[in-house]
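Take a look at the letters that make up each chain.
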Amino acid sequence: MTTTTTTPADEATPVSGVLDGIRVLDFGRYIAGPFCAALLADLGADVIRVEKVRGSEDRFLVPLNDDGDGALFMQVNRNKRGLTLNPMKPEGREVVRRLVATADVVVANLPDAALEAMGLDYVSLAAVKPDVILTSVSAFGAGGPYSAKTGFDGIGQAMSGAMYLSGSPGQPTKSYVPWVDFTTALSATVGTLAALMARQRTGRGQEVKGSLLASALTVANAVLIEQAVNMPDRVATLNRSQVSAPSDTHRTRDGWILVQTIGQPLFERWTTLIGESHWLTDPRFTDDMSRGDHGGLISERMAVWCAERTTDEALAALETARIPAGPVLSPQQTLDDPHVRAAQMLQALGFPGTPLPIPVADSPFSLSDTPASIRGRAPKLGEHTEEILAALGYDADHVATLRAARVV
């Protein structure tokens, strides 16, 4: 983790970005919507995070300080300004209308009925700002019997086939990290950027839609294609690949490593490394698929080789042979990893009431001319409410009245 502490969002020095001048209203919750908005903010957009007056539920997941501000919220809401608002009250709907009139993009991962109730459906938004872009994320997408159902990341994992093939037979295993949510955020960001480009040509806004299930099916698509054509009816094999070998986790004398050997050149180098060159003429190991079919035998041989070495010794030998491999790290080991630190992949942000800097992952892409950047921490609850409302024409007395009525 780098040691530089970034200044709070409202005090940060502006950095030129490709989305300078674009305003985004973030009505998202949890990950898919908020992280999409965070990536737009990394690219220079002015993003206003709108949440409940008492604080939205996702703010308080895995709390890190006495106020309950959570780890996930700090990651996916960097670079944003914070506004509290109840859009279900008439005065709140007027604030929404004024905000939308200034916005280029509205991000929301809420059901269609909730969007309509809050005046955030595309028809309502376009009536205020005809060229506005609405980026919405749902659990299951439109057009099917599940369209109105709610869901989280794990549901997408479960229904895509991915969870069935993880873990071991009879024990489907969900990934600890929410890859469906983050994949959905990335695809929603691509769609939003495409809509902004289209608006430059046409002058028209449009609606961008993503869904958790669509993202999960995209990642699992090759598995589904194979099943549809060849119908192998695969079952889980823990960490061992079924379509190449050796590709598995193995215990060393002092830890674990993951080895991934895909393709004939890598397999040839691996057989030389472990002293099994005669396997190159063994009909069981003629190609990736046949090696995957006999992966248990190959993994057993690799397990013996790894058990005789420390993690460092095994990785050094594999690197010399140019075979992809890496250590299985604990979260603390990841934080301490010399490459993660040297490449500054985690940016340290100060946060009020939190005793240590927060290691927030930098943007997962880089631009040489208009770089994405983390310019500031996530906002405290309602931190910029007065500032934002003043820019919309509300004076101090009016803001006080709205606060007393729990509108903001």
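Residues numbered from 1 in each chain as written. Predicted model: local features only at pLDDT ≥ 70, side-chain atom pairs only at ≥ 80, totals over all residues. Heavy atoms only, no water.

Draft legend 1. Here's a closer look at a nonpolar patch on the surface. A surface patch of nonpolar side chains, about 390 Å² in accessible area, is lined by Tyr146, Phe152, Ile155 and Met159. Locating Ile155 in the fold gives a position in helix 6 (residues 153-159). Relative accessible area serves as the criterion here: at 38%, Ile155 is assigned to the partly exposed category. (Patch = residues over 30% accessible without salt bridge, like charges linked within 9 Å, V, L, I, M, F, W, Y side chains within 5 Å. Areas by Shrake-Rupley, 256 points an atom, 1.4 Å probe, with all protein chains shown as cover. Salt bridge = Lys/Arg side-chain N within 4 Å of Asp/Glu carboxyl O. Helix = DSSP H or I, 4+ residues; strand = E, 2+ residues; numbered from the N terminus. Buried < 20%, exposed > 50% of the residue type's maximum accessible area, 1.4 Å probe, protein only.)

Draft legend 2. Broad picture of the confidence of the model for the protein chain. Considering every residue of the protein chain, the mean pLDDT works out to 95; 96% of them sit at 70 or more. Across residues 1-15 the pLDDT falls below 50, and counting only partners more than four positions away or on other chains, this stretch makes 38 contacts in the model. (pLDDT = per-residue confidence, 0-100. Contact = heavy atoms within 4.5 Å.)

Draft legend 3. Spatial organisation of the environment of Gly17. Here Gly17 is to be found in the segment before strand 1 (23-26). In this structure the C-alpha to C-alpha distance between Gly17 and Ile274, which are 257 residues apart in sequence, comes to 50 Å. Not counting residues up to four positions away in its chain, the partners in contact with Gly17 are Leu43 and Gly44.

Draft legend 4. Structural view of helix 3 (residues 90-101). For helix 3, with twelve residues, the first-to-last C-alpha span of 17 Å sits near the 16 Å given by 1.5 Å per residue. The set of residues buried in helix 3 consists of Gly92, Val95, Val96, Leu99 and Val100. Buried residues of helix 3, viewed axially, fall in a sector of 135°; they line one side. Buried residues belonging to helix 3 abut strand 1, strand 2 (46-51), strand 3 (80-84), helix 5 (122-128), helix 16 (385-391) and helix 17 (396-404). (Expected span 1.5 Å × (residues − 1). Arc of directions from axis to C-beta.)

Draft legend 5. View of the pairing of strand 1. Residues Arg23 and Leu25 point to one face of strand 1 and Val24 and Asp26 to the other, with burial holding for every one of them. As paired elements, strand 1 and strand 2 share four bridges and run parallel to each other. Paired with Leu25 across the strands is Ile48, a residue of strand 2. Handedness of the crossover is the feature at issue here: the chain leaves strand 1, passes through helix 1 (residues 32-42), returns alongside strand 2, and the resulting connection is right-handed. As defined by bridge partners, strand 1 adjoins strand 4 (residues 105-108) across three bridges and the pair is classed as parallel. The residue of strand 4 that forms the bridge with Leu25 is Val106. (Pairing = 2+ DSSP bridges. Right-handed = clockwise from strand over helix to strand, strands pointing away.)

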